[in-house]
Structure formats: C-alpha cells, structure tokens
Amino acid sequence: MKELLEAARRARERAYAPYSGFAVGAALRTASGRLYAGCNVENAAYPEGLCAEAAAIAAMVAAGEREILEMAILGSGAEPCAPCGGCRQKIAEFADAETRIHMAGTEETVVTATLGELLPHRFALRDAGRENAPPEAAAVVRARAPGWNGGVALLLGSGLGGIAAALEEAVAIPYAELPGFPEPTVPGHAGELVLGRLAGVPLLCLRGRVHLYEGRGAAAVLPMIRSLRELGCTLLIVTNAAGSLRCDLGPGALVLVRDHLNMQGTNPLLGLRGETGPPFLDLSALYDAGAGDRMLEAAAEAGIPLATGIYLATLGPCFETPAEIRAFRVLGADVVGMSLVPEAIAARACGLRLVALSVVTNLAAGLAPAPLSHEETLAAGEAAGEGLLALLRAALPRLAG
Ligand code: HPA
C-alpha cells in the first residue's frame, strides 16, 4: 500500500487543476505487479475534466493490461478522497468486488474500502450483452497461430519448462504480449506460451505461472485460465514441483494428484459472486477421474512409475516446518507444494477438465537430511523432466482421443 500511495502522491504533484484547485493522484497495481499512475486534468469547460483514476486506468490499458488488483487515490484536501461514481464504475470494469481501494488526503489517515463496498450494484460486461467477448490474450494467440483451436493445455511447473522444447512445429508467444498473463518473477518460470505438437497431439504449453507467494492475489491466475477456455481447450494438465511426505516417493517420483487440501487460505474466485462459473462451485470431482485413469494406464504400459496421491497446497514462500509436515500427514497429504490449487479451481470454474501431476523434487521438511532450497527444487525438477516428458508422450494420444 505504501508504494501505491507514494506513486499516487507523485502523480498528484503533476495534476493540472487550475479551476477547482483540487489536485488528485491515483495509482493502481495490476495482476502483473506493475504500477500505473494518473492525475486529474481540467480544462476551461470545467467540470468536464479527466479524473485521476480514469487517467491511471487509461495508462494501464494502453500498456496492455486489464486487471486491477489494488488502487490508491490521494486528494489535496484534508479528508480522504473517494472516487466519483463514474470512476467507481470504470474501476469495476477491471477489478472485482474484493479489490481494495485506499483513499487519503493530505493528512495521515488512510481509509480502505473494497470496490464492492463503494459500488455494491455495478454494471458488468454481461449487462452490455458482451460476456462472451474473447479476452485479448486469446485474440493475440489466434492472430499468431491462425486456425489453432482447442487441444490440450499443459501448465509447466518449477524447473519443468524445458518440456516445451520437445514440441514440434512450435510457435512461442511471450507472456508480455498476452494481456492479463503474469510476468513471472521466480527463477525457473520463463513466461512464454508455446503452441505445437507432442506425440502428434496439438498442445498449448504454458511455461510459467503466477504463485500466491508473489503477492498478486489468487485471482491473478484467472485471465490465463479463461484464455484457455476462449481458445477452445477442454483439458488442462497442470504440473508442479512438490515435496513428498512419503519416504517411498523420493526425488524424481511422479504423482498423479487425485484430490487436494487447500491450506492457502484463499481462493481465485473470492469476491467474484459467480462471474466465473457458479457462485458455489462443486469440487467433489475436481480432478478428472477418467483422464487420470488413462494417464495411469499409459504410464503402466510405458513402464513409467506413476503413484497417486493427495496434494496439499501451502501459501509459501517459506517451506514448511517439520511439525507442519507431521500434521499434514495426519490430514492425509502425500505431497506438498505452493501452487496447483488456484489454477485447479479456476479451471473448474471455466469448465476445463483437469489432470494434475506432481514431480517430487525433495522429501518434505523434517524427512530430508539436508535443508530445503529452491535451487534444489529446480535442479530436481529439471532432472525429473525426462520422466515427465516420457509420460506425456505416452498419455497424450489417449487423453486427446
Ligand atoms: N514444500 C513446498 N513446496 C515445494 C516443496 C516443498 O517441500 N518442494 C517443491 N515445492
């Protein structure tokens, strides 16, 4: 919040408000983690001016982004400055009801409200009859790969991005060109969408994901997953690096996730009130049993060991304590990691079938002889990549059929 308020303060210094004398600065943070700021601009036809919030939003849109995660508004009066009605609606176009808006003036006091509190009954794209308008990212992909439709999507976890190099007839599109896609900040996540074929099956690979521990909010996964739906994908395979709670599943082991325990304390659908899928989503068969069985059959036929297990998701960025790992075993977890769950829920909300594969990179805290490190996770992920690639080659023709 401090960074946002500071950006709004700098913008307020540049405001052009000679008629009202009331300078306003606004700053917003997007799903990619970038900040955009704006100030109010008046003219002789005052009060027909440009609000600071609208200026910040325009800067964001012009930079190719569409998702506001948090916003700050700073007026030049003593009282905290709240956005006008028109700006509330403009913010609502790019934010959800839980998005926090910090409002301040020249005094220390900062008032924070959610957009839902400021605008309980907003218009949505739906009201304009355009809820099926394709998101920009899907349009960019279509332009780069005309005729691409559907197929299987594969999200590659930490250290597993190299699998995309095995794709034939590959077309790579950097996430930076795809509005709403995350700009990865974690080593091991390249930030690239690669279209191609693996084992003859059209495959859309996502090299890089956003993690909750990056602090962008769980909803940051939504644009990417929604784009998959817009592109006609029906099945998403999510891979991830994980720690193992079972001594019989050491580094390199592959685990088909049959269910999860969400210990992340959040959910990508928070505050959406059914805007993406039904308001109370049934997760009783989140991981597609049929597709999972086909994966197991393919593994058995190809002689690739593939265990099944329950994935427990933590918020991160710390690895777990040995006491937590002991407790997670009691809860029924087999593997633990800091990803998967937000994308899994988003995929279900978007109507995608889901398969999840964990690659064990280490024994979990307290079970391993050495301290845990991200470098170890990456190195073990890369080493296990071969096995995962072999499994995908064996399974994809069955899954796509
Ligand atoms: N814990 C959490 N996340 C992980 C681990 C772990 O041990 N290994 C790889 N990702």
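Residues numbered from 1 in each chain as written. Predicted model: local features only at pLDDT ≥ 70, side-chain atom pairs only at ≥ 80, totals over all residues.

**Some thoughts on the overall build of the chain**
The test is simple: Numbering goes from the N terminus for both helices and strands, where a helix is a DSSP run of H or I of at least four residues and a strand is a run of E of at least two. Two residues qualify as a contact pair if the distance between their C-beta atoms, derived from the backbone, is within 7 Å.
Along the chain, the regular secondary structure elements total 10 helices and 14 strands. Contacts in the chain between residues far apart in sequence, at least 24 positions, make up 76% of those at least 6 positions apart.

**A look at the packing of helix H7 (residues 289–302) against helix H10 (residues 374–400)**
We apply this condition: Note on method: axes are straight lines fitted to C-alpha atoms, helices fitted across the in-contact stretch only, with angles between N-to-C directions ranging 0 to 180 degrees. Each angle gets one of four labels, with under 35 degrees taken as roughly parallel, over 145 as roughly antiparallel, 65 to 115 as roughly perpendicular, and the rest as oblique. Left-handed is the label given to a crossing in which the near helix is rotated counterclockwise from the far helix by less than a right angle, and right-handed is the label when the rotation is clockwise. For this scheme, ten residues count as nonpolar: Ala, Val, Leu, Ile, Met, Phe, Trp, Tyr, Cys and Pro. Four count as charged, namely Asp, Glu, Lys and Arg, and the remainder, Gly too, count as polar.
Following both chains from N to C, one finds H7 and H10 inclined at 130°, their axes separated by 8 Å at the closest point. Taken together, H7 and H10 sit at an angle that is classed as oblique. Considering the relative orientation of H7 and H10, their crossing is right-handed. Contacts between H7 and H10 involve Ala291, Arg294, Met295, Ala298, Ala299, Glu301 and Ala302 from the first element and Ala390, Leu391, Ala394, Ala395, Arg398 and Leu399 from the second. Broken down by class, the residue content of the contact of H7 with H10 amounts to 10 nonpolar, no polar and 3 charged.

**Digging into helix H9 (residues 341–349)**
In plain terms, the rule: Residues with at least 20 neighbouring C-beta atoms inside 10 Å of their own are called buried, those with 12 or fewer are called exposed, and the rest are partly exposed, where every C-beta is derived from the backbone.
In terms of residue burial, H9 counts as a mostly covered element, since 9 of its 9 residues are buried. Residues of H9 that are buried sit in contact with strand E6 (152–156), helix H6 (222–230), strand E10 (235–244), strand E11 (254–262), strand E12 (307–313) and strand E14 (353–363). Of the residues one or two after H9, Gly351 is the one with positive phi, at around 80°.

**Some words on the confidence of the model for the chain**
For clarity, the cut-off: Known as pLDDT, the predictor's confidence for each residue is given on a scale from 0 to 100.
For the chain, per-residue confidence averages 89 on the pLDDT scale, and 95% of positions sit at 70 or higher. When pLDDT is averaged over each element of the chain, E12 comes out on top at 98 and H10 at the bottom at 84.

**Brief notes about unusual backbone geometry**
The omega angle of the peptide bond from Gly316 to Pro317 is 0°, so this bond is cis rather than trans. A positive phi is found at Leu340, a non-glycine position, where the angle reads about 60°. Considering the arrangement of structural elements, one finds Leu340 in the loop between strand E13 (335–337) and H9.

**What about H7?**
Applied cut-off: What a helix should span is 1.5 Å times the count of its residues minus one. Along the arc lie the directions from the helix axis toward the C-beta atoms.
Across its 14 residues, H7 extends 20 Å between first and last C-alpha, which sits within 8% of the 20 Å expected from 1.5 Å per residue. Every buried residue of H7 is listed here: Ala291, Gly292, Met295, Ala298 and Ala299. End-on, the buried residues of H7 take up no more than an arc of 120°, which puts them together on one face. Among the exposed residues of H7, those oriented more than 90 degrees off its buried face are Ala289, Gly290, Asp293, Ala300 and Glu301. Buried positions along H7 lie against E10, E11, E14 and H10. With its phi angle positive at about 70°, Gly303 sits one or two positions after the end of H7.

**Observations regarding the site of the ligand**
What counts here: Each residue gets a C-beta atom placed from its backbone. If that atom is within 6 Å of a molecule or strand, the residue is near it.
The local shell around the ligand holds 14 residues, among which Ala241, Gly243, Val336, Gly337 and Thr377 are the closest. Broken down by secondary-structure element, the contributors of at least two residues to the shell around the ligand are E10, E13 and E14. For the shell around the ligand, the element with the highest residue contribution is E10, accounting for 3 residues. Each residue belonging to the shell around the ligand can be placed in one class, and the counts come to 7 nonpolar, 6 polar and 1 charged.

**Observations concerning the pairing of strand E8 (residues 192–198)**
Put simply, the test is: When DSSP finds two or more bridges between two strands, those strands count as paired.
Taking burial as the measure, the 7 residues of E8 include 6 buried ones, the bulk of the element. Direction of pairing for strand E7 (residues 168–174) relative to E8: antiparallel, over a ladder of 5 bridges. Opposite Val171, over in E8, you have Leu195 as the bridge partner. In terms of strand pairing, E8 meets strand E9 (residues 201–207) through 7 bridges, oriented antiparallel. Pairing of Val194 across the sheet is with Cys205, part of E9. Taking the residues that link successive antiparallel strands as the turn, the E8-E9 hairpin has 2 residues, and the phi of Ala199 there is positive, at about 55°.

**Comments concerning the sheet that holds strand E4 (residues 100–104)**
To summarise the sheet geometry, strands pair through backbone hydrogen bonds and adopt either a parallel or an antiparallel arrangement. Within the open sheet, the 5 strands sit side by side as E2-E1-E3-E4-E5. Their pairing is mixed. Edge positions in the sheet fall to strand E2 (35–39) and strand E5 (110–114), since each of these pairs with one other strand and no more. When the angles between neighbouring strand axes are averaged without regard to direction, this sheet yields 15°. Sheet analysis places strand E1 (residues 25–30) next to E2, joined by 5 bridges and oriented antiparallel. Counterpart to Gly25 in the pairing with E2 is Cys39. The sheet strands contacting helix H1 (residues 2–13) are E1, E2, strand E3 (68–74), E4 and E5, and the helix crosses E1 at an angle near 140°.

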